[in-house]
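Take a look at the letters that make up each chain.
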Amino acid sequence: MRFVNADGRSGLLVADQVFDLAEASGGAISADPTEAVFANWDAALRLSQDGALSGGRPVDNVQLGPPIPRPRAIFGIGLNFRKHAEESGMGVPDVPPVFTKFPTSICGPFDDIVLPAGHAETVDWEAELAFVVGSGGKKISREAAWDSIAGLTVAQDISERTLQMAGARQFSMGKSFDTFCPIGPAIVSLDEITDPSDLRITCKLNGKVVQDESTSDMVFDIPELVAFLSSVLPLRPGDLCLTGTPSGVGMGMNPKVYLRDGDVIDTEIAGIGGMRNRCVPEA
Ligand code: ZN
């Protein structure tokens, strides 16, 4: 299943057609994408597998928003690709470094990224694979981890490096400006993904490839992250976890490169989907 937010409503993407999940289910599935992910994921999955859908609209005619617009929590994992840990000069971690992106930072897969006034000089990109929690729970074992996850999506962990590295290097504020967390275009259920431990992540800045690595290079894989996070706190349906970025961020370049007005970022994960976001100044 490819679950989308089409014109603000829960939708199912099949090839290039979008079907309204509330209509197709006779109201059993919430039209609100957040509510549908919280409460109706399994029902949506069953409906998508039944296949008897009608009344689709071409995806080009709808606006795709963030597939889960209001998650209760967004976890970010730092330094989870070896080459990125090296380029950051912070070393490969022995425990997953976790921060939060506050959920108000969410935006859609084709929305503009706003370079915040007063913080526009050192904004950087980080292409990432994100998992969306399904059933969730506490103290989930590595072995049970995949059963607790609803699906995977594409994300950008946009980061204002000056604020991120200020003070005690508490990352969360520098990563939580409005529009700093584009996600989408779809949450892809696990049955559609052959091997989540080997997915190619690419990021292009103005058409030039800047990041290109496989999730096989991750330091802590998704089951390890689920086990670690849930050893401390409960994972709840719809919680989002950005699993870390490959090498090739602007901060790691010589000279450093940061996002400027008009820049276009293409973020793609093979088999999951692609996003395109343009950088604009704060109005
Ligand atoms: Zn990141």
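None of these values were measured; they are calculated from a predicted model. (Residues numbered from 1 in each chain as written. Predicted model: local features only at pLDDT ≥ 70, side-chain atom pairs only at ≥ 80, totals over all residues. Heavy atoms only, no water.)

Colleague: Please clarify how the pattern of salt bridges should be interpreted in this entry.
Modeller: Any two side chains of opposite charge can pair, so long as their charged atoms come close to each other. Considering all chains together, one arrives at 16 salt bridges under this definition. For Arg 161, the salt bridge goes to Glu 126, with nearest N and O atoms at 2.9 Å. Of this pair, Arg 161 sits in helix α5 (residues 161–165) while Glu 126 sits in the loop between β10 (123–124) and β11 (127–133); the two residues are 35 residues apart in sequence, bridging distant segments of the chain. Overall, the relative accessible area of 4% leaves Arg 161 in the buried class. A salt bridge links Glu 126 to Lys 175; the shortest N-O distance between them is 3.4 Å. Of this pair, Glu 126 sits in the loop between β10 and β11 while Lys 175 sits in the loop between α5 and β14 (181–189); the two residues are 49 residues apart in sequence, bridging distant segments of the chain. The burial state of Glu 126 is the same as that of Lys 175; both residues are buried. Here the salt bridges do not stand alone but share partners, grouping Lys 101, Asp 124, Glu 126, Asp 157, Arg 161 and Lys 175 into one network. (Salt bridge = Lys/Arg side-chain N within 4 Å of Asp/Glu carboxyl O. Helix = DSSP H or I, 4+ residues; strand = E, 2+ residues; numbered from the N terminus. Buried < 20%, exposed > 50% of the residue type's maximum accessible area, 1.4 Å probe, protein only.)

Colleague: Just checking my understanding: could you explain the coordination of the zinc ion for this structure?
Modeller: Note on metal sites: the ideal angle is 109.5 degrees for four tetrahedral donors, and 90 or 180 degrees for six octahedral donors. Bound to the zinc ion are the protein donor atoms Glu 126 (OE), Glu 128 (OE) and Asp 157 (OD), situated 1.9 to 2.1 Å from the metal. Between consecutive donor residues of the zinc ion, the sequence gaps follow E-x1-E-x28-D. Here the residue Glu 126 occupies a position in the loop between β10 and β11, and Asp 157 occupies one in the loop between β12 (149–156) and β13 (159–160), the gap between them amounting to 31 residues. Both residues of the pair, Glu 126 and Asp 157, belong to the buried class. (Donors = N, O, S within 2.8 Å, 3.2 Å for Na, K, Ca; no water.)

Colleague: I keep staring at the sheet that holds strand β9 (residues 113–115) and nothing clicks. Help me out?
Modeller: The strands that make up a sheet pair up through hydrogen bonds in the backbone, lying either parallel or antiparallel. The strand order across the open sheet built from five strands is β9-β19-β18-β15-β16, with neighbouring strands paired in mixed fashion. The open sheet terminates on both sides in strands that have one partner only, identified here as β9 and β16 (208–214). The sheet shows a mean angle of 20 degrees between the axes of neighbouring strands, taken without regard to direction. (Pairing = 2+ DSSP bridges. Axes fitted to C-alpha atoms, helices over the stretch in contact; angles between N-to-C directions.)

Colleague: Looking at this structure, how should I read unusual backbone geometry?
Modeller: Keep in mind that most residues, glycine aside, have a negative phi and that most peptide bonds are trans. Cis rather than trans, the peptide bond between Gly 184 and Pro 185 has omega equal to -5 degrees. Along the chain, the position of Pro 185 falls in strand β14. A cis amide bond, omega 0 degrees, links Asn 254 with the succeeding residue Pro 255. Topologically, Pro 255 is positioned in the loop between β17 (240–242) and β18 (264–269).

Colleague: Which parts of the structure should I look at to understand the domain arrangement of the protein chain?
Modeller: Interface extent is often summarised as the accessible area lost during association of the parts. One can read the domain layout of the protein chain as domain 1 (2–65) and domain 2 (74–281). Facing the eleven residues of domain 1 at the interface are 17 residues of domain 2. On the domain 1 side of the interface with domain 2, the three residues burying the most area are Arg 2, Trp 41 and Leu 64, jointly 50% of the side's total. On the surface where domain 1 and domain 2 come into contact, there are one salt bridge. The partner of Arg 2 in a salt bridge is Glu 192, and the shortest N-O contact between them spans 3.5 Å. The interface formed by domain 1 and domain 2 holds three residue pairs in polar contact (both at pLDDT 80 or more) in total. Secondary structure elements with two or more residues in the side of domain 1 that touches domain 2: β1 (2–6), α2 (33–39), α3 (41–50) and β5 (64–65). By residue class, the composition of the side of domain 1 that touches domain 2 is seven nonpolar, three polar and one charged. (Domains from an automatic or database assignment. Contact = heavy atoms within 4.5 Å. Buried area = accessible area lost by both parts, 1.4 Å probe. Polar contact = N/O pair within 3.5 Å; in protein donor to acceptor, adjacent residues only side chain to side chain. Nonpolar A, V, L, I, M, F, W, Y, C, P; charged D, E, K, R; others polar.)

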